[in-house]
Each structure stands twice: as C-alpha cells, then as structure tokens.
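Summary of structural features
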Amino acid sequence: MLNIIKIIVFSSFLIACNKIETFIPKEDANLGDINISSGINQIVTIPESANKSIVDNFTRYTKMSSSSDLPIHIIAQNEVKDEVILRIKDIFNHYFNNDSTLSKFGEYKLLVNDKIAENKGTIAIYNSQLEKEEISNKLVDLDLNILALTSADIVFESSEDFKENNAIDHSYSKIAAFIMEFGIKDVVPSFFDELIQAADNAISNNYWFSVDLAMVGADEETRGLLYLENIIEVYYDLWAHNETGLSNNETYRFNSRDALMWGDFKGYEIVSSFFPPYIDFNIKLNIPNDTIFSLVYDKSLPYTLKSQHFSAITIEGNNNIKIIGNSYNNFIQGNNGTNIYCMNGMFEEFNITNSNGIIFIEDSVPLRNGLDKLVNIDFVQFQDTIIEL
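Everything numeric in this text was worked out from a predicted model, so none of it was measured.

With respect to helix 4 (residues 109-118)
Within helix 4, seven of the ten residues are buried, leaving the element largely enclosed by the surrounding structure. Among all positions in helix 4, only Lys-109, Val-112, Asn-113, Asp-114, Lys-115, Ile-116 and Ala-117 are buried. Contact partners of the buried residues in helix 4: strand 3 (72-76), helix 3 (82-97), strand 4 (121-126) and helix 7 (171-187). Once helix 4 ends, the next one or two residues include Lys-120, with phi positive near 55°.

Re the layout of surface pockets
The calculated volume of the largest pocket comes to roughly 690 Å³. Together, 26 residues line the largest pocket, and Ile-146, Leu-147, Ala-148, Glu-181 and Phe-182 are the ones closest to its centre. When residues of the lining of the largest pocket are traced back to their parent elements, those giving at least two are helix 5 (129-135), strand 5 (145-150), helix 7 and helix 10 (220-235). Grouping the constituent residues of the lining of the largest pocket by class yields 14 nonpolar, four polar and eight charged.

Some remarks on the environment of Met-261
Positionally, Met-261 belongs in helix 11 (residues 257-263). Between the C-alpha atom of Met-261 and that of Pro-302, which follows or precedes it by 41 residues, the distance is 21 Å.

Here's the deal with the sheet that holds strand 3
Ordered by their spatial adjacency, five strands build an open sheet running 1-2-3-4-5, and the pairing between neighbours is mixed. What marks the edges here is a single partner per strand, and that holds for strand 1 (44-45) and strand 5. Here six bridges tie strand 4 to strand 5, and the two strands are oriented parallel to one another. The partner of Ala-124 across the bridge, within strand 5, is Ala-148.

Focus: unusual backbone geometry
One non-glycine residue, Asn-30, adopts positive backbone phi at about 55°. Along the polypeptide, Asn-30 turns up in the loop between helix 1 (2-22) and strand 1. With a phi angle near 60°, Leu-367 is a residue other than glycine that sits in the positive phi range. Looking at the element boundaries, Leu-367 is found in the loop between strand 13 (358-363) and strand 14 (371-375).

Brief notes about the nonpolar core
With 86 residues, the main nonpolar core has Tyr-95, Ile-179, Phe-275 and Ile-313 as its most contacted residues. Per-element tally for this core: the top contributor is helix 7, with nine residues. Not counting residues up to four positions away in its chain, the partners in contact with Ile-179 are Phe-92, Tyr-95, Phe-96, Val-112, Ile-116, Ile-184 and Phe-274. In terms of nonpolar packing, the next biggest core, distinct from the first, is built from 18 residues, Leu-31, Ile-54, Leu-139 and Ala-148 among them.

Re the pattern of salt bridges
Tallying each qualifying case throughout the model produces 13 salt bridges. Across the pair Lys-174 and Asp-153 runs a salt bridge whose closest N-O atoms are separated by 3.2 Å. One end of the pair, Lys-174, is in helix 7; the other, Asp-153, is in the loop between strand 5 and helix 6 (160-164), with 21 residues separating them in the sequence. Notably, a salt bridge pairs Glu-221 with Lys-185, separated by 3.0 Å at the nearest N-O pair. Here the residue Glu-221 occupies a position in helix 10, and Lys-185 occupies one in helix 7, the gap between them amounting to 36 residues. Owing to a relative accessible area of 23%, Lys-185 belongs among the partly exposed residues under this scheme. Put simply, Glu-349, Asp-363 and Arg-368 are held in one network by salt bridges that share partners.

Digging into the packing of aromatic side chains
Counting across every chain of the model gives 24 aromatic pairs. Ring geometry for Phe-162 versus Tyr-303: centroids 6.4 Å apart, planes at 35°, classification tilted. Placement of Phe-162 in helix 6 and of Tyr-303 in the loop between strand 7 (291-294) and helix 13 (304-307) is noted, with a sequence separation of 141 residues between them. Across this residue pair, the class does not change: Phe-162 and Tyr-303 are buried. Ring centres 4.7 Å apart and planes at 40° place the aromatic pair Tyr-278 and Tyr-328 in the tilted group. Of the two residues, Tyr-278 sits in the loop between helix 12 (265-272) and strand 6 (283-286) while Tyr-328 sits in the loop between strand 9 (321-324) and strand 10 (331-333), which places them 50 residues apart along the sequence. Chaining the aromatic ring pairs together yields one cluster made of Phe-92, Tyr-95, Phe-96, Phe-105, Tyr-108, Phe-178, Phe-182, Phe-191, Phe-274 and Phe-275.

Describing the sheet that holds strand 11 (residues 339-342)
Spatially, the five strands line up as an open sheet ordered 7-9-11-15-16, and their pairing is mixed. Both edges of this open sheet fall to strand 7 and strand 16 (386-388), since each of them pairs with a single strand only. Each adjacent strand pair in this sheet contributes to an overall mean axis angle of 20°, direction not counted. Pairing between strand 7 and strand 9: four bridges, direction parallel. When the bridges of strand 9 are listed, Ile-292 appears paired with Lys-322.

Quick look at empty space enclosed by the protein
In this structure the tally under the stated criterion is one cavity of 30 Å³ or more. Here the largest cavity defines a volume of roughly 140 Å³. Of the residues that constitute the lining of the largest cavity, the class distribution is nine nonpolar, no polar and three charged.

Some remarks on the environment of Ser-66
Considering the arrangement of structural elements, one finds Ser-66 in the loop between strand 2 (60-64) and strand 3. Sequence separation between Ser-66 and Val-112 is 46 residues, and the spatial gap between their C-alpha atoms is 9.5 Å. Beyond its immediate stretch of four places on either side in the chain, Ser-66 contacts Asn-113, Asp-114 and Ala-117. Looking at Ser-66, its side chain comes within polar contact range of the main-chain oxygen of Leu-70, at 2.7 Å.

Calculation rules
Residues numbered from 1 in each chain as written. Predicted model: local features only at pLDDT ≥ 70, side-chain atom pairs only at ≥ 80, totals over all residues. Heavy atoms only, no water. Buried < 20%, exposed > 50% of the residue type's maximum accessible area, 1.4 Å probe, protein only. Helix = DSSP H or I, 4+ residues; strand = E, 2+ residues; numbered from the N terminus. Contact = heavy atoms within 4.5 Å. 1 Å grid on protein atoms, 1.4 Å probe; cavity = no way out; pocket = protein on both sides within 12 Å on 5 of 7 lines; lining within 4 Å. Points joined across faces, edges and corners; volume = space filled by probe spheres on them. Nonpolar A, V, L, I, M, F, W, Y, C, P; charged D, E, K, R; others polar. Pairing = 2+ DSSP bridges. Core = buried A, V, L, I, M, F, W, Y, C linked by side-chain atoms within 4.5 Å. Salt bridge = Lys/Arg side-chain N within 4 Å of Asp/Glu carboxyl O. Phe/Tyr/Trp six-rings, centres within 6.5 Å; stacked < 30°, edge-to-face > 60°. Axes fitted to C-alpha atoms, helices over the stretch in contact; angles between N-to-C directions. Polar contact = N/O pair within 3.5 Å; in protein donor to acceptor, adjacent residues only side chain to side chain.

What follows is the structure, given as structure tokens:
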C-alpha cells in the first residue's frame, strides 16, 4: 500500500514538474514609456533599448495615451509612411472620441482604453503582407498583444481605389476587433457575450455563410471577432457598392448600414452599442479642379456611400472645389483655390457668425445641416442665394 502511495505522489510530482517546464514566460518588449514629443508628427526612432526582435524588424514608434498613463504602442517598419501611422492613430482614437452618452456601452470607453494599455495592446504596421507573414512569428514570445496591419489595409480618400470602390479599407474593422479583444472583453464581458450570441444568430439565420468560418476555424472567440469585423465594414458602408447585395467576399448577406439594421438587427445593435455612427477625424483630400465633393449620398457618385459618414475634411492643393455638407456638425477647411460650400436650405434659415476668421453656420432646421465650422472657404451657396465670406 505504501508503494502505491509513493507511486501516486511521485507521478503527481512529475506532472507538476512537467507543467512548470512547459510554462515559458514572455520576454519583455522593453518599450516602456518612450518620449515621442521630439519627433515629427510625434513619430520617433525605436530606441536601441527595445527588445532585439523589435529593433531588428521595426524602425519607428509612436503611441496612443490612456488615462492610466500607460501607452498603447504603435511600431512600424521602415517603408511605412507617416500618413499611414497617423491614420491608424486617428481610427483608434475616433472610436473613443465620440460622445459616450450616445451609445449603450459608451460609458465604459475610458475603462476600455485603459484596459488595452494594461494588456500591452500594440499595433504593428508592416511594409507588406509578405513581411507580416515572415516577421509576426518572431514577436509571439514578447509580452505584447499585437494587432498586425500593413499599409495596404488602408485606402486613402484621394486615391482612385477610394473613388471607384476598387479596394476595401480593412483597418477600421481590424482595429475595432483589437479594441473588443483586448479591452471590451475584459471590461464589459456581457457585451462580448452579446457579440457571440449575435454571431451565432447570424449563422443560424444564414446571414453569415459557413464557408467563411470553415476557412479560419470556428471557436467562440474567433467567431465573435470575425463577425465584428464583418459588421463594422458593413456599418460604415465599405461594401455598399457591391451589386450582389453581399459583403466580405460574398460571405455575409448584407452590405450596407441600412441593410444591416433591417436584416441583422442584432449585429446593428452590437456596432451601435459602442462604435460611433460617423467618422470624426479630419479627412485630407486632394481633388481634381472644378470637382464637387459630397458628404451626402448621391448614387451618381460611388464614393459617397462612404463619404456620407465623414464629418470633417480638409481640401489640399490649389484646385477650385465645391463641397456639399451633410447633417453632422461639419468641419470644412478649404485650400488655395476657390472653394464653395453648399447648404441644404434657404439663407434666412441659417445663423452665421464670424469668430476670428472662422465661420460658424447653424441651421435652424433640426437634423438637416447641423452646426458647421468653415475655414478658408470663399463662398457659401444656399438654395436661394450665394454669399461671399
């Protein structure tokens, strides 16, 4: 009997030792709290003190801040342009900037941001998909939770790809999933549970086709995060141009915000419970001469499926441009050409004020034009007249 006890104890000891031996602690990334104030656009060179896996594969660094003073890191390879890095920051921050009282879980935004920092959430931007595949495995042993992106994930608004809907901007959806995985899931677990339920509902109702799941695995967390990526892209109308009415390479039944709301309402509720209805960061555009750029949907202008969700734009260059505003509180900055801003309504329906050269135009009709802020705009066109500023 004593021998049996000894064998059991010895076996337990071996099992325990085995568990200890298989546990490998993560390496310190040694990013710390890097000072970015001296860098152009607050982008600096990665210090030599960082982990060798980072120093050997990335050249530049910036960060997002949190109320806990812990950083959310961004590391980028040598060919990644500043505009790409800044756009990633803009998209991440815009998910947190909008009025938190307007959404079901908005009150948790500050805590979610802090949790991402506490979890050492990090965004790595690669030169190309090939380098992303080659290098990502070299970072798995670091004490970071990494979202891997490439420059190709972003489609800039002045590009032909944006105007003609030739490519999908995947950065919005991937950053949203990053926020869910490393922030929301810990802070508001009930919200994550609702996401899983909505994903399963989409599958059972054949909104989200199983072929998509078969390609990537169908564990619960993966299901939820992939579903969120789908519905974020649909919510911002990134697939609305698809004539089949489908999205995500024909694997999801709805392709626009309206279709999502009426067809997969649980999905619509998930997005609108935390993520803002419009894009609040400043979109910079270089537009051909004598062009109309519209922030209102116009079926004759394919890009307006996406631009209808913009609230702030800056026109660059010297071309003459006409801009049509939407119902959000717009910020519009003109260029060195002749810029005309178009309002939906009669002149007498608006209140116009000038504050140190900045023009504010407020519509007296609710939910039509809002309160717009104009900088370097030459003329404002109403339905009955045009005025010079």
